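# Structural features, examined
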Amino acid sequence: MICTVLRLSTKRCYPKWSSNLTRSCSTLDPTQVKLLNEMCFLVDDNDKVIGTATKKECHVVKEDGYLPLHRAFSVFLFNKKGDLLMQKRADTKITYPGYYSNSCCSHPLASVSGEDDVNDALGIKKAAIRRLNYELGIPRDHLPLDRFEYLTRIKYKDQGDGKWGEYEIDFILFFQDDVKLKPNPNEISAIAYVPKSEFKSYLHTLDGPLTPWMQLIVKKRLSVWWDNLHDLSKFKDHKQILDLS
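Residues numbered from 1 in each chain as written. Predicted model: local features only at pLDDT ≥ 70, side-chain atom pairs only at ≥ 80, totals over all residues. Heavy atoms only, no water.

## Some remarks on the packing of aromatic side chains
Tallied over the full model, the rule gives 11 aromatic pairs. Relative to Trp213, the ring of Tyr96 lies with its centre 5.6 Å away and its plane at 90°, an arrangement referred to as edge-to-face. Taken as a pair, Tyr96 in the loop between β5 (84–89) and β6 (100–101) and Trp213 in helix α5 (residues 212–220) lie far apart in primary sequence, 117 residues in all. Among the residues examined, Tyr96 registers a relative accessible area of 5% and is labelled buried. For Trp213, a relative accessible area of 2% gives the class buried. Seen from their ring centres, Tyr156 and Trp213 are 6.1 Å apart, and the 40° between their planes marks the pair as tilted. On the criterion of sequence distance, the pair formed by Tyr156 in strand β8 (residues 149–158) and Trp213 in helix α5 is long-range, its members being 57 residues apart. (Phe/Tyr/Trp six-rings, centres within 6.5 Å; stacked < 30°, edge-to-face > 60°. Helix = DSSP H or I, 4+ residues; strand = E, 2+ residues; numbered from the N terminus. Buried < 20%, exposed > 50% of the residue type's maximum accessible area, 1.4 Å probe, protein only.)

## Description of helix α3 (residues 122–136)
End to end, α3 covers 21 Å across 15 residues, agreeing with the expected 21 Å (1.5 Å per residue, within 8%). Listed in full, the buried residues belonging to α3 are Gly123, Ile124, Lys125, Ala127, Ala128, Ile129, Arg130, Arg131, Leu132, Glu135 and Leu136. In this structure, the buried residues of α3 make contact with β4 (70–78), β5, β7 (104–106), β8, β9 (166–176) and β10 (188–194). Directly beyond the C-terminal end of α3, a positive phi value near 70° is found at Gly137. (Expected span 1.5 Å × (residues − 1). Contact = heavy atoms within 4.5 Å.)

## Considering the side chain of Gln176
Its location among the elements puts Gln176 in strand β9. Among the residues examined, Gln176 registers a relative accessible area of 17% and is labelled buried. A polar contact is formed between the side chain of Gln176 and the backbone oxygen of Asn79, at a distance of 3.0 Å. Engagement of the side chain of Gln176 in a polar contact is seen with the backbone oxygen of Lys80, the distance being 3.4 Å. Dropping the residues within four chain positions of it, Gln176 is found in contact with Phe78, Asn79, Lys80, Gly82, Arg147, Leu229 and His230. (Polar contact = N/O pair within 3.5 Å; in protein donor to acceptor, adjacent residues only side chain to side chain.)

## Structural notes on the confidence of the model for the protein chain
Confidence in the prediction of the protein chain, expressed as mean pLDDT, is 91, and 89% of residues score 70 or more. Every residue in residues 8–24 scores below 50 in pLDDT, and together they form 38 contacts with partners more than four places removed in sequence or on other chains. (pLDDT = per-residue confidence, 0-100.)

## Comments concerning unusual backbone geometry
Trans peptide bonds make up the majority, and among non-glycine residues the majority have a negative phi. One non-glycine residue, Asp47, adopts positive backbone phi at about 70°. Non-glycine residue Asp120 carries a positive phi angle of around 55°. One can find Asp120 in the loop between β7 and α3. Of the residues examined, Asp120 reaches a relative accessible area of 43% and is grouped as partly exposed.

As structure tokens, then:
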């Protein structure tokens, strides 16, 4: 049975999704606008850092469709039963508002000490702890570094709504434990733990789309990873970058 932990509407299983994704700067949420100043890592096709840019600079689609390639991460958080925590991005989000996605997605930051360390994705894991605490309210001491499993990296590009998009090399992190949750409503409008046996039917209940990275992972990798949740070692690849564009 799917356990919905947070929802905004008591009349439907999931909050109503708005299809009006393009908004002017004057209508953007001030908290989210402030976050656009965070400094992300620009990388080349081999994930080597070549500079930094603000989150806004990384996600604004140029007139010619150009987006700078930058470093990101996606966390797949499972409870002890093996159910995956899914979230619906808040309508206040600037990129992909109202989309459904995996547990937590964000960026390591150049302004945060240690988040540039790619040795066993140590810096990315630290960034994941920071964001899991910020987005989902998970206490940091419930997220020990050695419990994160770094699987691989994926590369993908999406033009989004034509104004805000993504072009990322995305570190895939798995984490399994029962944790306390207190979602930040400025980031997340709904969350649910979904058993693997009900995942396909769950997708059919959604009133909005999956984020582009989640669509690709669901289509090409998630099932086999989930089937082997307790033995992921054979799927770890820290050399190759999977191009899912």
